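Each chain, written out:
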Amino acid sequence: MADAPLLRAARGEAVRHTPVWFMRQAGRSLPEYRRVRAGVAMLDSCRRPDLVTEITLQPVRRHGVDAAIFFSDIVVPVAAVGFGIDIVPGVGPVAVDPVRTLADLDRLPELTPEHIEDIAVSVRQIVAELGPTPLIGFAGAPFTLASYLIEGGPSKNHVRTKALMHGDPLLWDALCARLAQISAAFLRVQVGAGASAVQLFDSWAGALSRADYERAVQPHSAAVLAAVGDLGVPRIHFGVGTGELLASMGAAGADVVGVDYRVGIPDALARLDGRYAVQGNLDPALLFAPWEALERGTRRILAEAAHAPGHIFNLGHGVLPETDPDVLTRLVDLVHRVSANASPG
Ligand code: CP3
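Cut-offs and rules
Residues numbered from 1 in each chain as written. Predicted model: local features only at pLDDT ≥ 70, side-chain atom pairs only at ≥ 80, totals over all residues. Heavy atoms only, no water. Axes fitted to C-alpha atoms, helices over the stretch in contact; angles between N-to-C directions. Helix = DSSP H or I, 4+ residues; strand = E, 2+ residues; numbered from the N terminus. Left-handed = near helix turned anticlockwise from the far one by under 90°. Contact = heavy atoms within 4.5 Å. Nonpolar A, V, L, I, M, F, W, Y, C, P; charged D, E, K, R; others polar. Parallel < 35°, antiparallel > 145°, perpendicular 65-115°, else oblique. Buried < 20%, exposed > 50% of the residue type's maximum accessible area, 1.4 Å probe, protein only. Polar contact = N/O pair within 3.5 Å; in protein donor to acceptor, adjacent residues only side chain to side chain.

Q: Sorry if this is basic, but what is going on with the packing of helix H7 (residues 142-151) against helix H9 (residues 169-192) here?
A: The description of two packed helices rests on the angle between their axes and on the distance between the axes. Packing of H7 against H9 brings their axes to within 9 Å, and their N-to-C directions diverge by 115°. You can see that H7 and H9 cross each other, and the crossing is right-handed. In this structure, H7 contributes Pro142, Phe143, Leu145, Ala146, Leu149 and Ile150 to the contact, and H9 contributes Trp172, Leu175, Cys176, Leu179, Ala180 and Ser183. Of the residues contributing to the contact of H7 with H9, the split by class is eleven nonpolar, one polar and no charged.

Rendered as structure tokens:
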């Protein structure tokens, strides 16, 4: 397991082929996912070890990816402590009563392992079935979670979130500190049960200037990453539209920085100054282009990342729901073949 290509690449060691997995590989584009999820609400499905295990394993079986990503959601631990939040199909996380004042934090107590005993059961079951393939645990970063809790749902401009960040720093820091505790505890339970890497999703951090990110957000994400530092698993840190933030996201305490598709790998490597392995970054829309275009884009990323301190192939954001799963399978095979011929390891 310690020799799995994903873990070797994350540590910057030579690999026999470039490891590949896909954000949002579990679910959405797979008919077998839609079958087992029929009639079960998203958050309910995340709390049923039989379903979580099956759905997490589906893309590994089908595509032969180098890692499984735990089937759950960034709001699962928030819901587990009793903050009223649901996932509305086609919309995303929706909070009935959003955070407005310090008193609202009473509805967001600290997360203890007792809140999520089923999560540990799911992880143990998955790891037992995965054999040598690593399981990636994950959590939402404080900014992205705070955005859902403050806006009450998905948001384009994050107006209320930014207004609160700038207008009520006391509440902002208290909320983010609480969310950092919750996400850290969620990650620790997953790693404690056998996950062998973690990814912190700060999906919407790209909405921030670097100055605001470094002042108001990075310390809280750093607290999450530091809280799992003693566990010895690689930490991946990812957000969308974060070209200007890559170095700051690395400096938050990551081993691997996720790069979205808007930034070329050479630019990303220059901005990261050779300090971190990188993950990414094929545009998910290319999966809808003719195979030749997809193959060209893939070969280019592999060539550009050949001298990175480590490279995990992924998309620049999640798999889009309409994606043909057979194209994903073919892409995994291409990444393996091309990188096996190119790499000395
Ligand atoms: O590979 C995987 O899908 C692993 C599990 C996973 C889910 N959500 C399952 C899910 C992971 C890693 C996430 C993370 C997540 N959730 C993020 C960060 C990743 C990213 O995309 O940037 C964010 C921002 C969320 C919040 C969230 N949950 C959104 C925006 C949505 C989509 C709403 C929609 O229907 O388009 C969800 C729901 C969700 N989470 C689904 C899945 C499979 C779809 C629900 C369904 O199938 O009914």
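Next, the rest of the story.
Q: What should I look at first to understand the packing of H7 against helix H8 (residues 159-167) in this one?
A: Across the interface, H7 lies against H8 with an axial gap of 8 Å and an inter-helix angle of 105°. Here H7 lies roughly perpendicular to H8, going by the angle between them. Across the interface between the two elements, Phe143, Ser147, Ile150 and Glu151 of H7 pack against Val159, Arg160, Thr161, Leu164 and Met165 of H8. For the contact of H7 with H8, the residue count by class is five nonpolar, two polar and two charged.

Q: I would appreciate a short explanation of H7 in the present structure.
A: Spacing of three or four residues puts side chains on the same side of an α-helix, whose turn is 3.6 residues. With ten of ten residues buried, H7 is to be regarded as a mostly interior element. The complete set of buried residues in H7 reads Pro142, Phe143, Thr144, Leu145, Ala146, Ser147, Tyr148, Leu149, Ile150 and Glu151. Where H7 ends, the next residue or the one after it, Gly152, has phi of about 90°, a positive value.

Q: Whenever I open this one, unusual backbone geometry confuses me. Can you help?
A: Note: most peptide bonds trans; most residues except glycine with negative phi. Along the chain, Gly280 connects to Asn281 via a cis peptide bond; the corresponding omega equals -5°. Along the polypeptide, Asn281 turns up in strand S8 (residues 277-282). The backbone of His158 sits at a positive phi, close to 55°, despite the residue not being glycine. Mapped onto the secondary structure, His158 falls in the loop between H7 and H8.

Q: For this particular structure, what's the right way to read the side chain of Thr323?
A: Mapping Thr323 onto the fold places it in the loop between strand S9 (311-315) and helix H14 (325-342). At 2.6 Å, the side chain of Thr323 and the backbone oxygen of Leu320 are in polar contact. Leave out the neighbours within four places in its chain, and Thr323 touches Ser29, Leu287, Phe288 and Leu328.

Q: Even after reading the chapter, I still don't get the environment of His307, so can you show me in this structure?
A: Relative to the elements of secondary structure, His307 occurs in the loop between helix H13 (291-304) and S9. Note: C-alpha distance between His307 and Ala184 (123 residues apart in sequence) is 32 Å.

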